[in-house]
Every structure is written in structure tokens, then in C-alpha cells.
Amino acid sequence: ARAEHQERELEGLNLMADLLTDEISAKEAEASRRSEDLEVLERARAAADVARAASEKLAAIAARVHLENQVAEAATHNKVQEAEERLAELQVQEQNARARVTEMQGRVDKLAEKETLTTKEAKRLEVYVKRLKDRIAELEVVKKTSEEARADAEAEAARVRSEVESIRADAEAARIVAETAAEAATERARAAEAQQTEATARAAVVTDGLKAVVTELSAGTLRRAADGKLRAKDPARLRAAYPEIRPAVGAAVEVVEAAAQSLQKARRTEEDALRKREETESELARERVALEKEKEKLEAAFKTVTGWMRLLEPLMKRLTAWLNLPGLPRSIKDEGLAIMRDANKAAEGLKTDGPGGS
């Protein structure tokens, strides 16, 4: 019985070791899944950070292009303004030159209207004509310079307008690219955050499912029914974490079934031991009753013999005295002494082997 008890204790320790091993494996699996979830979260965070950085960079490029566009427009405006000021200056010079030509032409015409000129007037007319020619030439130069400046201004204005349009087109294209890239980066960031949120929520569900497995296992409420389907106290928590916790649930069911089989075997062994013990105790009780009866018989017989001994002791003394009488034949005396010796041995044997004897 002691060996069977030790064997059952050993089976219980083995079962406990298996339970602890399975629980440790479940914890390790949970830690592994959490590590994978953390890697997914880190990748999602990294993707979101990269998307945000790209969006910020593209926004900075768009801002720089916009600033360069403003600077270019300001420079173009300054160039146009300088050209207009130069044209205005040339126009003033041309007007002044025309005025001087008109003035000198008036002097020449006034002297030319006279029929006769004095020597002094003739020299003066000659000077006036020369000055008129010079001023006309100066006017032509001014006009040519003004026309060239106007042509240059118009060409510069056209070139500047083309550059402005090109800058504006580039800026618009950069803005569109930046906005498109920013939208894509924002969408990727949102997707990464959604994936991160989904992974975090799923990890929480799986963790809760593993806790439910441990709870069901500890309470012994997880089992396989006769139809082969699993039965649990709170199946919703387990079902929500499928299929990730399927291996843990299968291992837990195997542990429960092994524990149930071991428990049934232990109960059968204990019942057999109790039945054998009861049978042994019944047999011992019957033997004790028989021994008690035998003891009572022996004690009664011993009392009878003891009574006879008390009766024989006076007779033995008288027989001894009779055998010691003078004139008794020797053969009778020797026979009597032999009988007394045998009687004393028998009496000593009764005293030693009787109840209470040593």
C-alpha cells in the first residue's frame, strides 16, 4: 500500500511537471508572439516616420520653390521697372533733343527769311546750321538709342515673362508633386498607424485568449466532449484568439485528458487498495474472534488443571511421607518416587505453558 501511495504521488508530481512545462511553453510562445508583434509595431512606426519625413521634406521643397518663384517675380519686376525707367529717361532725352533741334531750326529759318545778311549774320547762320545738323544728328542718336533700348526692353520683358511663366509652371508642377507625395505619405502613415493599431489590438486579444487557456486549465473546465468538440467555461475568449492559440488549446486539452486518466487510474488504485484493506481487516477480525474463543477455552482448561494441582499437592505430600515409612519394600518405594517425579514434571510444564506463563 505504501509503494502504491508513493507511485500515485510520483504520478501527481509528473502531472504537475507536465502542467508547468506546458504553461512555460505557452508563456514562451506568448513572449515570441509579443516579440513578433513588437517588430510589426516597430516597422509600422518606422514606415510612419519615413512617410512623415518625406511629407515634411516635400513640403519644404514646395515652400522653397514658392519662395524662389516670389524672388524671381520680384527680380523680374525690378528689371521691368529699370527698363521702363531707362525708356522714360531716353524719351526725355529725345524730347530735349527735339526741342533743341526745333529751337535751332527756328533760328536758322529766321535768318533765312532775310533777303540780305550781314557778314556777322551769315557767320551766325552758318553756325546755326552746323549746330542744327549736330543737334539733328544727336536727335538721331537719341532716337536710335531709344529704339534699341525699347527693343531690348521688349525682348528682356518677353524673356522675363517666359522665365516667369517657366518658373510658375515649375512651381505648379513641384506643388502638385509635393501635394501628391504628401498625400501618399500621409496615406502610408495612416495605413501604418492602422496596422499598428490592428496589431496592438490583436496582440491584446491573443494575450487574453492565452490567459483564458491558463484559467480554464487551472479550473479544469477545458475538456473534449464525446462528439470530439471542445467544451470550455468561457469559449468566447478562446474563439476570439483563434487560430493563434490553437496549439496552446490543443496542448491544454491533452494535459487535461492525461490528468483525468491519471486521476481515474489513481482512484481505481485507491478503491482496490481500500477493498483489499477492508477484506484484510474482516479476515483479521474473524481470526481475532477465533483466537479469543480459543483463549477462553485454554483459560478454562488451565483453571481446571490448576484446581487439580491444588488438590494433588496435599496428596503428593502424603505420598512422599508414605514412601519414606520404614519397612516399605524397595521396589514399591522406587516406583512411587518415579511416579512423583513424573507428576512434578507435568506440573512444572503446566505452570510454564499455561495462560500468563513465561
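Above this text you will find the structure in question.
Each chain has its residues counted from 1, following the order in which its sequence is written. The predicted origin of the model limits local features to residues at a pLDDT of at least 70 and limits the giving and counting of side-chain atom pairs to 80 or more, whereas totals for whole chains, interfaces and linings rest on all residues. The basis for the side-chain values is all heavy atoms of the structure; hydrogens and waters are excluded.

Visitor: Break down helix α4 (residues 246-323) for me, citing the residues and quoting the values.
Guide: Helix length check: α4 (78 residues) gives 109 Å between terminal C-alpha atoms against 116 Å at 1.5 Å per residue, within 8%. Consider a residue and the seven residues that end there alongside the seven that start there; fitting an axis to each set, the bend is the angle between those axes. Numbering goes from the N terminus for both helices and strands, where a helix is a DSSP run of H or I of at least four residues and a strand is a run of E of at least two. Along α4, the largest kink reaches about 30° and is centred on L312; proline P314 follows within four residues of it. Helix span is expected to be 1.5 Å times the residue number reduced by one.

Visitor: Tell me what's going on with the pattern of salt bridges, and back it up with residues and numbers.
Guide: By convention in these notes, a salt bridge is any Lys or Arg side-chain nitrogen within 4 Å of a carboxyl oxygen on Asp or Glu. The full count for this structure, using the stated rule, is eight salt bridges. With a closest N to O distance of 3.3 Å, D134 and K130 form a salt bridge. Of this pair, D134 and K130 both sit in helix α2 (residues 119-219), four residues apart, which is roughly one turn of the helix. We call a residue buried when its accessible area falls under 20% of the maximum for its residue type, exposed when it is over 50%, and partly exposed in between, using a 1.4 Å probe and counting protein chains only. Taking the relative accessible area as the measure of exposure, D134 reaches 42% and is therefore partly exposed. R275 is the salt-bridge partner of D272, the closest N and O atoms lying 2.5 Å from each other. Taken together, the residues span about one helical turn, with D272 and R275 both in helix α4 at a distance of three residues. Classification of R275 as partly exposed rests on a relative accessible area of 43%.

Visitor: Can you lay out the nonpolar core for me, pointing to particular residues and giving the numbers?
Guide: We call a set of buried residues a nonpolar core when its members are Ala, Val, Leu, Ile, Met, Phe, Trp, Tyr or Cys and they connect through side-chain atoms within 4.5 Å of each other. Core analysis: the largest hydrophobic core is formed by twelve residues, namely V206, L210, A212, V213, L222, L238, A241, I245, A248, V249, A252 and V253. Of all the secondary-structure elements, those providing two or more residues to this core are α2 and α4. Any two residues whose heavy atoms approach within 4.5 Å at even a single point are treated as in contact. Beyond its immediate sequence surroundings of up to four residues, A212 is in contact with R237 and L238. Ranked by size, the runner-up nonpolar core spans nine residues in total, among them V108, L111, Y128 and L132.

Visitor: So, the side chain of E216: which residues are in play, and what are the values?
Guide: Mapped onto the elements, E216 comes out in helix α2. All tallies of charge rest on Lys and Arg as positive and Asp and Glu as negative; His and the ends of each chain are not included. Despite being buried, E216 has no salt bridge partner; R237 is the closest side chain of opposite charge, sitting 6.7 Å away. Among the polar contacts listed, one links the side chain of E216 to the backbone nitrogen of K233, at a separation of 3.1 Å. Pairs of N or O atoms are called polar contacts if they sit within 3.5 Å, as long as, within protein, a hydrogen donor faces a hydrogen acceptor (for residues adjacent in sequence, only side-chain-to-side-chain pairs). Looking at E216, its side chain comes within polar contact range of the main-chain nitrogen of D234, at 2.8 Å. For E216, the contacting residues outside a window of four places in its chain are T221, L222, A232, K233 and D234.

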